Amino acid sequence: KTALLDLESIFNSVKDLEQRVDRFRQRMGQKDPITKKPRYGTNTMSRVASVVDFHEALVQSMEILYTDNASENSITNDGTGSMHVLRQAAQLEDKALEMEESMKKAQADAERNSLEARAQQEAQQKAAQQAQAEAKQE
């Protein structure tokens, strides 16, 4: 479950960066109107290109995680996606825990009912014995 929450947090962060990366991408192609040189210098341009490339790699990775359709060579090209499988596993784990708790509760209830029935039976036997003892005394 923790992995699922972490991956969804990363996915949301990557989505939040989309506008910033788009601005970087636009400015990479722009030139200063006066000097006709690129907006970014050589060193900054390489750093910005690295950031844009890294973001694109993250987006592609997220597509693979969420859809499994990003590549024609994907093992399960059926749209299930790893995130879908993780969510299903988490749901199944929750259901298994719920079932285990309900089984424990049912078992505890059955044991309690058995003990109550045994106690009631012992009380009835004791009352019958007392009734017999009283009948003998009379």
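Residues numbered from 1 in each chain as written. Predicted model: local features only at pLDDT ≥ 70, side-chain atom pairs only at ≥ 80, totals over all residues. Heavy atoms only, no water.

**Some points on unusual backbone geometry**
- Look at Lys-36: it is not a glycine, yet its phi comes out positive at around 60 degrees.
- Note on placement: Lys-36 falls in the loop between helix 2 (18-29) and helix 3 (42-67). (Helix = DSSP H or I, 4+ residues; strand = E, 2+ residues; numbered from the N terminus.)

**Observations concerning the pattern of salt bridges**
- Inspection of every chain in the model, using the stated rule, returns 5 salt bridges.
- Where Glu-56 meets Arg-25, a salt bridge forms, and the shortest distance between an N and an O atom there is 3.3 Å. On the criterion of sequence distance, the pair formed by Glu-56 in helix 3 and Arg-25 in helix 2 is long-range, its members being 31 residues apart.
- By relative accessible area, which is 35% here, Glu-56 ends up partly exposed.
- What makes Arg-25 partly exposed here is its relative accessible area of 31%.
- The salt bridge involving Arg-112 is made with Asp-109; its shortest N-O contact spans 3.0 Å. Highlighted residues: Arg-112 and Asp-109, both in helix 4 (residues 82-137), separated by 3 residues, approximately one helical turn.
- Each member of the salt-bridge network shares a partner with another, and the members are Asp-22, Arg-25 and Glu-56. (Salt bridge = Lys/Arg side-chain N within 4 Å of Asp/Glu carboxyl O. Buried < 20%, exposed > 50% of the residue type's maximum accessible area, 1.4 Å probe, protein only.)

**Considering the side chain of His-55**
- Structurally, His-55 can be placed in helix 3.
- According to the relative accessible area criterion, His-55 is buried, its value standing at 4%.
- Ignoring any residue separated from it by four or fewer positions in sequence, one finds His-55 in contact with Val-14, Leu-17, Glu-18 and Val-21. (Contact = heavy atoms within 4.5 Å.)

**Considerations on the confidence of the model for the protein chain**
- Per-chain confidence: the protein chain averages 80 in pLDDT, with 83% of residues scoring 70 or above.
- Here helix 1 (residues 2-16) stands out as the least confident element of the protein chain, with mean pLDDT 79; helix 2 is the most confident, with 89.
- For the stretch residues 70-79, pLDDT sits under 50, and the model shows 12 contacts to residues farther than four places along the chain or on other chains. (pLDDT = per-residue confidence, 0-100.)

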